[in-house]
Amino acid sequence: MNIIENFKLKLKEKGEVYFNVSVKPGAAQSQIRGELSDDTLKIDIKAPARAGAANEELIRFLAKELAVPKSGIKIIAGKTSRHKLIKIS
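Residues numbered from 1 in each chain as written. Predicted model: local features only at pLDDT ≥ 70, side-chain atom pairs only at ≥ 80, totals over all residues. Heavy atoms only, no water.

(A) View of the side chain of T40. Among the structural elements, T40 can be located in the loop between β2 (31-35) and β3 (41-45). Judged by its relative accessible area of 6%, T40 is buried. At 2.8 Å, the side chain of T40 forms a polar contact with the side chain of D38. (Helix = DSSP H or I, 4+ residues; strand = E, 2+ residues; numbered from the N terminus. Buried < 20%, exposed > 50% of the residue type's maximum accessible area, 1.4 Å probe, protein only. Polar contact = N/O pair within 3.5 Å; in protein donor to acceptor, adjacent residues only side chain to side chain.)

Spelled out as structure tokens, the structure:
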């Protein structure tokens with residue numbers, strides 16, 4: 001089971017999912033690069049880290065990948081950091 005399918009399953013079972021991400025803004029394309037040993041997702045984001053553009057792109061990207069509305073994705077911690085805590089409901 002891939003990372004995205006695992007999150008979809010957890011979301012369906014529990015109604016909400018919390019996870020950590022490590023974001024690399026300004027990448028060539030938005031994509032999931034993998035997982036770190038502590039289950040943090042490594043994500044490349046195409047948008048630059050300016051004026052919240054990378055955070056907006058991260059939310060849009062996760063909504064598309066997980067097939068959930070953007071309103072269901074919240075950055076709980078790390079809005080100005082590359083390391084973020086995400087809640088999906």
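(B) Expanded view of the layout of surface pockets. The space that makes up the largest pocket amounts to roughly 230 Å³. In this structure, the largest pocket is lined by 16 residues; those nearest its centre are F7, K10, Y18, F19 and D39. For the lining of the largest pocket, the secondary-structure elements that each account for two or more residues are α1 (3-14) and β1 (17-25). Take the lining of the largest pocket: its biggest share by element is five residues, from α1. Here the lining of the largest pocket is composed, by residue class, of six nonpolar, four polar and six charged. (1 Å grid on protein atoms, 1.4 Å probe; cavity = no way out; pocket = protein on both sides within 12 Å on 5 of 7 lines; lining within 4 Å. Points joined across faces, edges and corners; volume = space filled by probe spheres on them. Nonpolar A, V, L, I, M, F, W, Y, C, P; charged D, E, K, R; others polar.)

(C) Spatial organisation of the pattern of salt bridges. One pass over the structure, following the stated rule, counts four salt bridges. A salt bridge links R33 to D44; the shortest N-O distance between them is 2.5 Å. Taken together, the residues R33 in strand β2 and D44 in strand β3 connect sequence positions 11 residues apart. Note on R33: relative accessible area 41%, which makes it partly exposed. (Salt bridge = Lys/Arg side-chain N within 4 Å of Asp/Glu carboxyl O.)

(D) Examining the side chain of S30 more closely. Along the chain, the position of S30 falls in the loop between β1 and β2. Given the relative accessible area of 17%, S30 is considered buried. In terms of polar contacts, S30 uses its side chain to reach the backbone amide nitrogen of K46, at 3.0 Å. For S30, the residues in contact, after removing those within four places along its chain, are D44, I45, K46, E57 and F61. (Contact = heavy atoms within 4.5 Å.)

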